[in-house]
Amino acid sequence: MDPNLANNPQLMKFLSQEKERAMANEVVAKITSSCWDKCVDKPGSKFSSSESSCLSNCALRYMDMTMLIMKRFQQQ
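Predicted model only: the values in this text are computed from it and were never measured. (Residues numbered from 1 in each chain as written. Predicted model: local features only at pLDDT ≥ 70, side-chain atom pairs only at ≥ 80, totals over all residues. Heavy atoms only, no water.)

A. The arrangement of the overall build of the protein chain in detail. Scanning the protein chain from terminus to terminus reveals 3 helices and 0 strands. From first element to last, N terminus to C terminus, the protein chain shows the α and β order α-α-α. In terms of overall dimensions, the protein chain is more spread out than a globule: its C-alpha atoms have a radius of gyration of 18 Å, far above the 11 Å expected for 76 residues. In terms of overall dimensions, the protein chain has C-alpha extents of about 55 × 35 × 15 Å along its principal axes. Relative to its 76 residues, the protein chain shows a buried fraction of 9%. A total of about 6,600 Å² of accessible surface is found on the protein chain, and carbon and sulfur atoms cover 57% of it. Distance from the positive charge centre (10 side chains) to the negative charge centre (8 side chains) of the protein chain: 6 Å. (Helix = DSSP H or I, 4+ residues; strand = E, 2+ residues; numbered from the N terminus. Rg over C-alpha atoms; globule rule 2.2 N^0.38 Å. Buried < 20%, exposed > 50% of the residue type's maximum accessible area, 1.4 Å probe, protein only. Areas by Shrake-Rupley, 256 points an atom, 1.4 Å probe, with all protein chains shown as cover. Lys, Arg positive; Asp, Glu negative; His and termini not counted. Charge placed at Lys NZ, Arg CZ, Asp CG, Glu CD.)

Shown next, in the form of structure tokens:
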């Protein structure tokens, strides 16, 4: 990278935001894949109430565990 560009605060802020956006998209993709495989037996036009509940609980557990792991790493 050009040293002049590395000193540009607007560019650095933009790159940081894009990195955060990419990480968030990756988390959503992982949650979707993991929870779909766990909760949905037969895809249809609508989720059953048990599938919907399972997907919601799965996503919440995934996010809780991600936050717990991040906190543990920050403590070290």
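B. Seen up close, the nonpolar core. Within the largest apolar cluster, 6 residues are counted, these being Ile31, Cys35, Cys39, Val40, Leu55 and Cys58. For Cys58, the contacting residues outside a window of four places in its chain are Cys35, Lys38 and Cys39. (Core = buried A, V, L, I, M, F, W, Y, C linked by side-chain atoms within 4.5 Å. Contact = heavy atoms within 4.5 Å.)

C. Just the side chain of Glu51, in detail. With respect to the element layout, Glu51 can be found in helix α3 (residues 49-75). In terms of polar contacts, Glu51 uses its side chain to reach the backbone amide nitrogen of Ser48, at 2.9 Å. Ignoring anything within four residues of it in the chain, the contact list for Glu51 reads Cys39, Val40, Asp41, Lys42 and Lys46. (Polar contact = N/O pair within 3.5 Å; in protein donor to acceptor, adjacent residues only side chain to side chain.)

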